[in-house]
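In case you want the letters, here they are:
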Amino acid sequence: VQLQASGGGLVQTGGSLRLSCAASGNLFSIHTILWYRQAPGKQRELVATVTSSGSTKYVDSVKGRFTISRDNAKNTVYLQMNSLKPEDTAVYYCNKWTGTGPADYWGQGTQVTVSS
């Protein structure tokens, strides 16, 4: 399964975006999917996860603002981002959990820019 993120863009503070993570290949539904982000000059940060059963986790900085969800029929995971802040500006990537860490393939990511 390979994943590709899309849906980024430029929004003002307080705005919303919905990112999509589309999967190619089989057995998408069995994977835990991860959303990461990387801001300029910073390390990549895990933002949200969704398991095969739909359980979710979030980094504290996005709790209450971001929602991760999955549609296995469409082989897609979404990241709904509301009340965006300038500090959310980053390239966002999706990936799958291999059991020991994220997969080696990261894709191009999608740029999210929040203007103040």
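Residues numbered from 1 in each chain as written. Predicted model: local features only at pLDDT ≥ 70, side-chain atom pairs only at ≥ 80, totals over all residues. Heavy atoms only, no water.

Engineer: Give a detailed account of the environment of Arg70, specifying residues and quantitative values.
Structural biologist: Counting through the fold element by element, Arg70 comes out in strand S7 (residues 66-71). Residue classification places Arg70 among the buried positions, given a relative accessible area of 17%. The spatial distance from the C-alpha of Arg70 to the C-alpha of Ser29 is 8.8 Å, given a sequence separation of 41 residues. A polar contact of 3.1 Å, which involves the side chain of Arg70, links it to the backbone oxygen of Phe28. Among the polar contacts made by the side chain of Arg70, one reaches the main-chain carbonyl oxygen of His31 at a distance of 2.8 Å. (Helix = DSSP H or I, 4+ residues; strand = E, 2+ residues; numbered from the N terminus. Buried < 20%, exposed > 50% of the residue type's maximum accessible area, 1.4 Å probe, protein only. Polar contact = N/O pair within 3.5 Å; in protein donor to acceptor, adjacent residues only side chain to side chain.)

Engineer: Help me get a handle on the side chain of Thr49, residues and values and all.
Structural biologist: Mapped onto the elements of the fold, Thr49 is located in strand S5 (residues 45-50). Owing to a relative accessible area of 12%, Thr49 belongs among the buried residues under this scheme. Leaving out residues up to four positions away in the same chain, Thr49 has contacts with Thr32, Ile33, Leu34, Ser55, Thr56, Lys57 and Ile68. (Contact = heavy atoms within 4.5 Å.)

Engineer: If you had to explain the packing of aromatic side chains to someone new, which residues and values would you point to?
Structural biologist: Geometrically, a pair of aromatic rings is defined through the distance of the ring centres and the angle of the planes. If you walk through the whole model with that rule in mind, you get two aromatic pairs. Arranged with centres 5.0 Å apart and planes meeting at 85°, the rings of Tyr36 and Trp106 form a pair that is edge-to-face. Here Tyr36 is found in strand S4 (residues 33-38), whereas its partner Trp106 is found in the loop between strand S9 (90-96) and strand S10 (110-115), with 70 residues between them in sequence. Accessibility expressed as a relative area gives 10% for Tyr36, which makes it buried. With a centroid separation of 6.0 Å and an interplanar angle of 85°, the aromatic rings of Tyr93 and Trp106 are classed as edge-to-face. (Phe/Tyr/Trp six-rings, centres within 6.5 Å; stacked < 30°, edge-to-face > 60°.)

Engineer: Please set out the nonpolar core residue by residue, giving values where relevant.
Structural biologist: Trp35, Phe66, Val77, Leu79, Met81 and Tyr92 are the most contacted members of the largest nonpolar core, which has 26 residues in total. Listing elements by their share of this core, those giving two or more residues are strand S1 (2-6), strand S3 (17-24), S4, S5, S7, strand S8 (76-81), S9 and S10. Looking at this core, the element that brings in the most residues is S3, giving four residues. Other than its neighbours up to four places away in sequence, Phe66 contacts Arg37, Val47, Tyr58, Leu79, Gln80, Met81, Asn82, Leu84, Asp88 and Tyr92. (Core = buried A, V, L, I, M, F, W, Y, C linked by side-chain atoms within 4.5 Å.)

Read these as spatial facts, not as claims about activity.
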